[in-house]
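These are the residues of each chain, in order.
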Amino acid sequence: MLKIGNVRLKNRLVLAPMAGVTNLAFRILARRYGAGLAFSEMVDADGMFYDIHRRKKEFSTNSEDAPVTCQLFWGAGRYAC
Ligand SMILES: Cc1cc2nc3c(=O)[nH]c(=O)nc-3n(C[C@H](O)[C@H](O)[C@H](O)COP(=O)(O)O)c2cc1C
């Protein structure tokens, strides 16, 4: 069984991060079809700082959407959180 830190995944199927695709609805569908982990869309960290209300929508999640990871983009780098 795959374990990341103290999070144990139910299987090794991971939904890759896809900008413009992996929103909350898509992630929930992927989970219903078996994904053990799902990535959010790529989120611009600078944009989040300057436009928090719009970015909150990109980050929206719920109890069915777990465990979830997000991909933060900042300048030239990408970070998973
Ligand atoms: C529409 C689309 C959007 C993508 N957006 C991102 C992204 O924002 N960040 C990222 O790291 N990879 C992105 N990717 C790459 C995917 O996460 C993945 O690495 C790639 O599709 C290869 O997956 P595979 O090895 O399972 O074939 C994107 C891929 C597609 C098709």
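For the structure, check the block above.
Fair warning: this is a prediction, and the values are worked out from it, not measured in the lab.

Rules used throughout
Residues numbered from 1 in each chain as written. Predicted model: local features only at pLDDT ≥ 70, side-chain atom pairs only at ≥ 80, totals over all residues. Helix = DSSP H or I, 4+ residues; strand = E, 2+ residues; numbered from the N terminus. Buried ≥ 20, exposed ≤ 12 C-beta atoms within 10 Å, placed from the backbone. Contact = placed C-beta atoms within 7 Å. Near = placed C-beta within 6 Å. Nonpolar A, V, L, I, M, F, W, Y, C, P; charged D, E, K, R; others polar.

A.B. asks: Teacher, can you tell me more about the overall build of the protein chain here?
C.D. replies: Check the secondary structure of the protein chain and you find 3 helices and 6 strands. Ordered by position from N to C terminus, the α and β elements of the protein chain give β-β-β-α-β-α-α-β-β. Taking all 81 residues of the protein chain together, 9% fall into the buried category. If you take every contact in the protein chain between residues at least 6 apart in sequence, the share linking residues at least 24 apart comes to 45%.

A.B. asks: For this particular structure, what's the right way to read the environment of Phe-26?
C.D. replies: By the secondary structure assignment, Phe-26 is in helix α1 (residues 24-32). Considered as a pair, Phe-26 and Ser-40 are 14 residues apart in the sequence and their alpha carbons are 9.5 Å apart.

A.B. asks: Any chance you could explain the site of the ligand here in plain terms?
C.D. replies: Every residue close to the ligand is listed here: Ala-16, Pro-17, Met-18, Ala-19, Val-21, Met-42 and Gln-71. Of the residues contributing to the shell around the ligand, the split by class is 6 nonpolar, 1 polar and no charged.

A.B. asks: I'm lost on the environment of Gly-47 in this one. Help?
C.D. replies: Within the secondary structure, Gly-47 sits in helix α2 (residues 45-50). On the basis of neighbour counts, which here come to 14 C-beta atoms within 10 Å, the residue Gly-47 falls in the partly exposed class. A C-alpha to C-alpha distance of 9.0 Å links Gly-47 and Trp-74, two positions 27 residues apart in sequence.

A.B. asks: For this particular structure, what's the right way to read unusual backbone geometry?
C.D. replies: Peptide bonds are trans in most cases, and residues, glycine excluded, mostly fall at negative phi. Cis geometry marks the peptide bond from Ala-66 to Pro-67; its omega dihedral reads -5 degrees. Residue placement: Pro-67 occurs in the loop between α3 (52-58) and β5 (68-74).

A.B. asks: Would you take a moment to explain the environment of Ser-40 for this structure?
C.D. replies: Structurally, Ser-40 can be placed in strand β4 (residues 37-44). When near neighbours in sequence (up to four residues on either side) are disregarded, Ser-40 contacts Pro-17, Thr-22, Phe-59, Val-68, Thr-69, Cys-70 and Gln-71.

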